[in-house]
Amino acid sequence: MTINSKVFEPGTLTSAADANQPHEDIVTASAAIGADATRTEWASFKHITTSGKDAHPITPYMGKVEDATHFKVYDNTAYATIEGGAGGTPMALTGLPITLTAGQTLRLHAGCFVTEVTHTDVTADYYWFRLVAEIAVDGGAAGTVQLTPDWGYSLGSTRSGEGFVQTYGYQRVGLSWVHVCKNTEEIISEVDFQVKLEDASNDITIAECHLIAIKTTA
Amino acid sequence: MPYVFGIPYVANSFMDGDDVNTNNEALRKYLNKDIVSADIADGSVGSPEIVKGEPQFVTSDHQFTCGSEANQFTPGEDIQRDYFTAHIKPTLALADDLWWALPNVGKKVHLERDGYILIHAGIEVISDLNFAMDYDNDGSVNNDGEGSDLRISINGDRKEVTYMLSFEEEAGSPTPSQSHAAIAKRRWYPISYLTETLAAGDHDITFVVNPVVDMGSIRSRNVSYEVFYI
């Protein structure tokens, strides 16, 4: 509604009705101002609630990020949790535990920077990553659950050991997975990003690594 | 909140100056400060509003349904091939002192608060037809491990940990002896990287290459930037 202004000519007597009119127009117009915001860019993240039943449907849980100066060499043939640097603590998510109810999903992204590698035994040069979690199902005791398949890589271009064998290092590994809660309730107290090698004579060095879990409640 | 008309004027009565001032002041205050019904209080928007889908129009590229996300996607048509070359370097074509920002994958991301950006990207990289993108451009093995790099640049800082190349090493059956770094001459390179904490404000993110070949190119690419606030 447009609020008009009345222009009075010099010498014209104004009336109470004329003087009241703009105010009454605003009373009428402002009564129609609703709570629905229709303007674009009306909301920012500040407006999104983080609690209650209508909370923001996205809840991220971060693993720490390390820079290239924090690295560790791995030659283990059984799965071991990737740590934040040599002698560092295992990379852990913040804000745990994560509580999932039936149908809720947990989107997981993990990545690391594989740098130097030692490729001694070219006939046993596979290595794998995986994500495991400690999950308590429906009020039970927490148990270790492998969330993902074994994500396999190889250090070399061939496995025969014959002729020219190329070795691959210095590249990022990026892994994603979606976990769906099929139980009434799952309480996830820990998520680990793990690695193992096929043979201990080989090794890989891992620098920057990250792990992020994103809970979707909607 | 609707406007309340405080002192209506009455016919056949003198208009009092104080009443006029009071009404004018009330109107000024209402217009400047008190129209609040349409204001959205902090922490008041929940999942029902978000799932409706309107937030797509909040700003371009924003989708609250999966974090604040911005995407770049270019299909792999020949016409959209973008080239890069070592000839951008005035001298020393094999040096790594001049980097080329890959077209149509960069983004300026605005953070409302301090946060992280999760970067997922896939880029099809094509080197000279018969050469890997190694530093002497003949596919041979070299010792010093220098070569074309693809990295993510954040505010001009080319992160070493965002290498996308493969490192090739001659095993020498079985003892490794020589090595060099190279991007294979034609491959889809994926990358996943979570930034360090970034301060509120604008951040320029680009993918850069240190070209050491005469003619390389990229074709299809798909990049997503997902923002998570602390």
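Remember, it's a predicted structure, so these values are computed and weren't measured experimentally. (Residues numbered from 1 in each chain as written. Chains lettered and ligands numbered in written order. Predicted model: local features only at pLDDT ≥ 70, side-chain atom pairs only at ≥ 80, totals over all residues.)

A. Seen up close, the overall build of chain B. Of the regular secondary structure elements, chain B holds two helices and 12 strands. Each helix and strand of chain B, ordered N terminal to C terminal, gives the series α-α-β-β-β-β-β-β-β-β-β-β-β-β. When burial is assessed residue by residue, chain B has 34% of its 230 residues classed as buried. Contacts in chain B between residues far apart in sequence, at least 24 positions, make up 75% of those at least 6 positions apart. (Helix = DSSP H or I, 4+ residues; strand = E, 2+ residues; numbered from the N terminus. Buried ≥ 20, exposed ≤ 12 C-beta atoms within 10 Å, placed from the backbone. Contact = placed C-beta atoms within 7 Å.)

B. Main features of the overall build of chain A. A tally of regular secondary structure across chain A gives one helix and 11 strands. The order of α-helices and β-strands along chain A, N terminus first, is α-β-β-β-β-β-β-β-β-β-β-β. For chain A, buried positions account for 32% of its 218 residues. For chain A, the share of sequence-separated contacts (at least 6 apart) that also reach a separation of at least 24 residues comes to 77%.

C. Just the pairing of strand β5 (residues 115–126) of chain B, in detail. Residues and elements named next belong to chain B. The element β5 is extensively covered by neighbouring structure, given that nine of its 12 residues are classed as buried. For β5 and strand β10 (residues 186–194), the ladder comprises nine bridges, and the chain directions are antiparallel. Bridging across to β10, Ile-123 finds its partner in Tyr-189. (Pairing = 2+ DSSP bridges.)

D. Representation of the environment of A:Phe129 in the model. Residue and element names in this part refer to chain A. In this structure, Phe-129 sits in strand β6 (residues 126–137). A count of 23 C-beta atoms within 10 Å places Phe-129 in the buried class. Measuring from C-alpha to C-alpha, the distance between Phe-129 and Tyr-153 comes to 8.4 Å, with 24 residues separating the pair along the chain. In this view, Phe-129 contacts Trp-151, Val-173, Leu-175, Gln-194 and Val-195; residues no more than four positions away in its chain are not counted.

E. Summary view of the nonpolar core. Judged by nonpolar contacts, the single largest core of 70 residues is most densely connected at A:Ile206, A:Ile212, A:Ala213, B:Leu102, B:Ile119, B:Ile123 and B:Phe207. Per-element accounting of this core gives the leading share, eight residues, to strand β11 (residues 203–216) of chain A. What B:Ile119 contacts, discounting residues up to four positions off in sequence, is B:Ile152, B:Tyr193, B:Ile205 and B:Tyr225. (Core = buried A, V, L, I, M, F, W, Y, C linked by C-beta atoms within 7 Å.)

F. Local environment of helix α1 (residues 17–34) of chain B. The end-to-end C-alpha distance of α1(B) is 24 Å, a good match for the 26 Å that 18 residues give at a rise of 1.5 Å each. Buried residues are scarce in α1(B), accounting for zero of its 18 residues. (Expected span 1.5 Å × (residues − 1).)

G. Geometry of unusual backbone geometry. A cis amide bond, omega 5°, links A:Leu96 with the succeeding residue A:Pro97. Along the polypeptide, A:Pro97 turns up in the loop between β3 (80–81) and β4 (98–101). For B:Asn12, which is not glycine, the phi torsion reads 65° and is therefore positive. By the secondary structure assignment, B:Asn12 is in the segment before α1.

H. Focus on the confidence of the model for chain B. All names here are of chain B. Per-residue pLDDT for chain B has a mean of 72; in total, 63% of the residues score no lower than 70. No element of chain B has a lower mean pLDDT than strand β9 (residues 178–182), which averages 49, and none a higher one than strand β11 (residues 201–209), which averages 89. Every residue in residues 135–146 scores below 50 in pLDDT, and together they form 26 contacts with partners more than four places removed in sequence or on other chains. Confidence drops under a pLDDT of 50 for residues 172–181, and excluding neighbours within four residues, the segment shows 37 contacts in the predicted structure. Under the prediction, the complex receives an ipTM of 0.73, its pTM being 0.71. (pLDDT = per-residue confidence, 0-100.)

I. Quick peek at helix α1 (residues 16–31) of chain A. With 16 residues, α1(A) ought to run about 22 Å at 1.5 Å a step, and its terminal C-alpha atoms sit 22 Å apart, in line with that. At A:Pro22, α1(A) shows its maximal bend, which comes to roughly 35°. (Bend = angle between axes of the 7 residues up to and from the residue.)

J. Spotlight on the environment of A:Tyr127. Residues and elements named next belong to chain A. Position of Tyr-127 among the secondary structure elements: in strand β6. The exposure class of Tyr-127 is buried, given the 25 C-beta atoms found within 10 Å. A C-alpha to C-alpha distance of 5.3 Å links Tyr-127 and Tyr-153, two positions 26 residues apart in sequence.

K. Local environment of the environment of A:Ala124. Residue and element names in this part refer to chain A. Within the element layout of this structure, Ala-124 appears in the loop between β5 (105–118) and β6. You can call Ala-124 partly exposed: it has 16 C-beta atoms within 10 Å. Once the C-alpha coordinates of Ala-124 and Glu-186 are considered, the two residues, 62 residues apart in sequence, prove to be 38 Å apart.

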